[in-house]
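Chain by chain, the residues run as shown.
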Amino acid sequence: MTIQFKTGLFALALLGSTALGAMTAQAADQEISWIYCGDKIDPIHEKYIKEWEGKNAGWKIAPEVVGWEQCQDKATTLAAAGTPVGMAYVGSRTLKEFAQNDLIIPVPMTDDEKKAYYPNIVDTVTFEGNQWGVPIAFSTKALYWNKDLFKAAGLDPETPPKTWAEEIADAKAIKEKTGIAGYGLPAKTFDNTMHQFMHWVYTNNGKVIDGDKIVMDSPEVLAALQAYKDITPYSVEGATAYEQNEIRAIFLDGKVGMIQAGSGAAARLKDTKINWGVAPLPLGPSAKGEGTLLITDSLAIFKGTGVEEKAAEFAKYITSTDIQHEYELQGGAGLTPLRPGAKVDEFVKADPSWKPFIDGIAFGGPEPLFTDYKGFQNAIIEMVQSVVTGKAEPADALKKAAADIEQYK
């Protein structure tokens, strides 16, 4: 049977797939292959893989470690070629595309399972009423500020901005009084340029897509893009040359007043001499509460392996609350806990720097699900770049992007 692929991602994935060997039926009967993103398997996952195998005689988990840049493409290529792995670590934003191409199976959650997560997280894997992946990694952002630069600029070093207007004013004061960039705005052609902008959208009660309707051309999103224009003169020069980790490096070097970053920055800052603080992301004028973009990665269960049911069982086990907390709260990885619990409470009490990353969840929003997420992502990046470089006014850039992304939903 020939699969008719709806988007370019899967068509491109077929290139070179003929060289891939097919899995044997015998291996598929007993083995769950897992494409695992990164440089190595986390020791916590290794420990619990062995535990699960000990409880499930005759079954073996076979992880294959693949670098972050190739990881998702490899899972896509194998699935498109008809030789899928049992399970793969993927960005949740791709689940809609996989589902519409009939390459993965839904992994429904019970009401109790849904309630165990922090608010809105289940939405990141939900499409047409079904859950299509099991969340395994989660990140949110908070605002970091350099207290010494605040003091040098005549600002209260213990009082971070709570609104966009205060944030822009503080960035301006730092730039004008110290000559150092007040804010680090990343606008490189890189996926997290879109992510960074979505944090501003969700701190102003904005939205990109509602069901199948594009609702991005709104006062809430326009205000976010206007704020980008307004803070650019006080930001790191040449924003299009930097992605978020490069901006973070500048902050770690004491050369920028404020950035928005994940929990991993706190772990790195503890090894520096910088006098820093971390707080919830500043809010836009239409905000209903502290917000952030909720980015999850998930375990997707691929169709046609013969081990779907057992793979889904393992996916829920390896992401269960206790194991997940042990994995998430190691520090340095930039992860936010997926679920509340006593262990999370203990961490927040011992290290209050965790609190802002959790506080933004309640009014946060999911990464928008598009059939062609790369097309959507690139349209947002183009929009942001056109504004920060002065090539387009916010209203015109927003209108163009809203029209452009219609084809990707």
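- With an unreviewed UniProt entry as reference, the protein is termed Multiple sugar transport system substrate-binding protein, source organism Rhizobium herbae.
- Of the comments in the UniProt record for the protein, the one headed Sequence similarities (unreviewed entry) reads "Belongs to the bacterial solute-binding protein 1 family."

**Examining the packing of aromatic side chains**
Part 1 of the reasoning: For the coordinates displayed, the defined rule picks out 16 aromatic pairs.
Part 2 of the reasoning: Aromatic pair Phe 98 and Phe 302: ring centres 5.4 Å apart, planes at 85°, arrangement edge-to-face. Within this pair, whereas Phe 98 is found in helix 5 (residues 95-100), its partner Phe 302 is found in the loop between strand 13 (293-301) and helix 13 (308-318), the two being separated by 204 residues in sequence. There is no split in this pair, since Phe 98 and Phe 302 are both buried.
Part 3 of the reasoning: Note on Phe 197 and Tyr 228: the rings are 5.3 Å apart at their centroids and 90° apart in plane angle, and the pair reads as edge-to-face. Note that Phe 197 is positioned in helix 9 (residues 191-202) and Tyr 228 in helix 10 (residues 219-231), a separation of 31 residues in sequence. For the pair shown, Phe 197 and Tyr 228 are each scored as buried.

**Thoughts on the nonpolar core**
Part 1 of the reasoning: Core analysis: the largest hydrophobic core is formed by 62 residues, its most contacted members being Trp 34, Ile 35, Ile 104, Leu 299, Ile 301, Phe 302 and Phe 314.
Part 2 of the reasoning: The biggest single contributor to this core is helix 13, with 6 residues.
Part 3 of the reasoning: Each residue touching Trp 34, except ones within four places of it in the same chain, is listed here: Ile 49, Ile 61, Ala 62, Pro 63, Glu 64, Met 87, Ala 88, Tyr 89, Ile 136, Leu 299, Phe 314 and Ile 318.
Part 4 of the reasoning: Counting residues in each nonpolar core, the second largest holds 53 residues, with Trp 164, Ile 209, Ile 231 and Leu 281 among its members.

**Some points on the layout of surface pockets**
Part 1 of the reasoning: Computed from the structure, the second largest pocket encloses a volume of approximately 570 Å³.
Part 2 of the reasoning: What lines the second largest pocket is a set of 25 residues, and nearest its centre among them are Lys 207, Ile 209, Asp 210, Gly 211 and Pro 366.
Part 3 of the reasoning: Contributions of two or more residues to the lining of the second largest pocket are made by strand 4 (126-127), strand 9 (209-210) and strand 14 (365-366).
Part 4 of the reasoning: Per-class residue counts for the lining of the second largest pocket are 9 nonpolar, 8 polar and 8 charged.

**Concerning the sheet that holds strand 12 (residues 276-279)**
Part 1 of the reasoning: Spatially, 4 strands are ordered 8-11-7-12 in an open sheet, and the strand pairing comes out mixed. Of all the strands in the sheet, just strand 8 (181-183) and strand 12 have a single pairing partner and so form its edges. Across this sheet, the average inter-strand angle for adjacent strands is 20°, counted without regard to direction.
Part 2 of the reasoning: Examined bridge by bridge, strand 7 (residues 142-146) and strand 11 (residues 256-261) share 4 bridges and lie antiparallel to one another. Of the residues in strand 11, the one forming a bridge with Leu 143 is Gln 260.
Part 3 of the reasoning: Each of strand 7, strand 8 and strand 11 touches helix 8 (residues 164-178); the most contacted strand, strand 8, lies at about 165° to it.

**Concerning the environment of Val 201**
Part 1 of the reasoning: Looking at the element boundaries, Val 201 is found in helix 9.
Part 2 of the reasoning: Sequence spacing of Val 201 and Thr 178 is 23 residues, and the spatial spacing of their C-alpha atoms is 30 Å.

**Some details on the confidence of the model for the protein**
Part 1 of the reasoning: Summing up the model confidence of the protein, the mean pLDDT is 91 and the portion of residues at 70 or higher is 92%.
Part 2 of the reasoning: Note on residues 1-29: pLDDT is under 50 here. Beyond four places in sequence and across chains, it has 43 contacts.

**Some points on the pattern of salt bridges**
Part 1 of the reasoning: Applying the stated criterion across every chain yields a total of 20 salt bridges.
Part 2 of the reasoning: As a salt-bridge pair, Lys 400 and Glu 382 come within 3.2 Å of each other at their nearest N and O atoms. Taken as a pair, Lys 400 in helix 18 (residues 394-404) and Glu 382 in helix 17 (residues 373-388) lie far apart in primary sequence, 18 residues in all.

**Some remarks on helix 18**
Part 1 of the reasoning: Buried residues of helix 18: Pro 394, Ala 397, Leu 398, Ala 401 and Ala 402, and no others. Projected down its long axis, helix 18 shows its buried positions confined to an angular sector of 130°, all on one face. Looking at helix 18, the residues exposed on the side facing more than 90 degrees away from the buried face are Asp 396 and Lys 399.
Part 2 of the reasoning: Where helix 18 is buried, its residues meet strand 10 (213-214), helix 10 and helix 17.

**Looking at the packing of helix 17 against helix 18**
Part 1 of the reasoning: Contact pair helix 17 / helix 18: the axes reach a minimum separation of 9 Å and the direction vectors enclose 170°. The pairing of helix 17 with helix 18 is recorded here as roughly antiparallel in orientation. Across the interface between the two elements, Ala 379, Glu 382, Met 383, Ser 386 and Val 387 of helix 17 pack against Pro 394, Ala 397, Leu 398, Lys 400, Ala 401 and Asp 404 of helix 18.
Part 2 of the reasoning: A breakdown of the residues in the contact of helix 17 with helix 18 according to their chemical character gives 7 nonpolar, 1 polar and 3 charged.

Parameters and conventions
Residues numbered from 1 in each chain as written. Predicted model: local features only at pLDDT ≥ 70, side-chain atom pairs only at ≥ 80, totals over all residues. Heavy atoms only, no water. UniProt positions renumbered as here; feature names shortened; annotations may be inferred. Phe/Tyr/Trp six-rings, centres within 6.5 Å; stacked < 30°, edge-to-face > 60°. Helix = DSSP H or I, 4+ residues; strand = E, 2+ residues; numbered from the N terminus. Buried < 20%, exposed > 50% of the residue type's maximum accessible area, 1.4 Å probe, protein only. Core = buried A, V, L, I, M, F, W, Y, C linked by side-chain atoms within 4.5 Å. Contact = heavy atoms within 4.5 Å. 1 Å grid on protein atoms, 1.4 Å probe; cavity = no way out; pocket = protein on both sides within 12 Å on 5 of 7 lines; lining within 4 Å. Points joined across faces, edges and corners; volume = space filled by probe spheres on them. Nonpolar A, V, L, I, M, F, W, Y, C, P; charged D, E, K, R; others polar. Pairing = 2+ DSSP bridges. Axes fitted to C-alpha atoms, helices over the stretch in contact; angles between N-to-C directions. pLDDT = per-residue confidence, 0-100. Salt bridge = Lys/Arg side-chain N within 4 Å of Asp/Glu carboxyl O. Arc of directions from axis to C-beta. Parallel < 35°, antiparallel > 145°, perpendicular 65-115°, else oblique.

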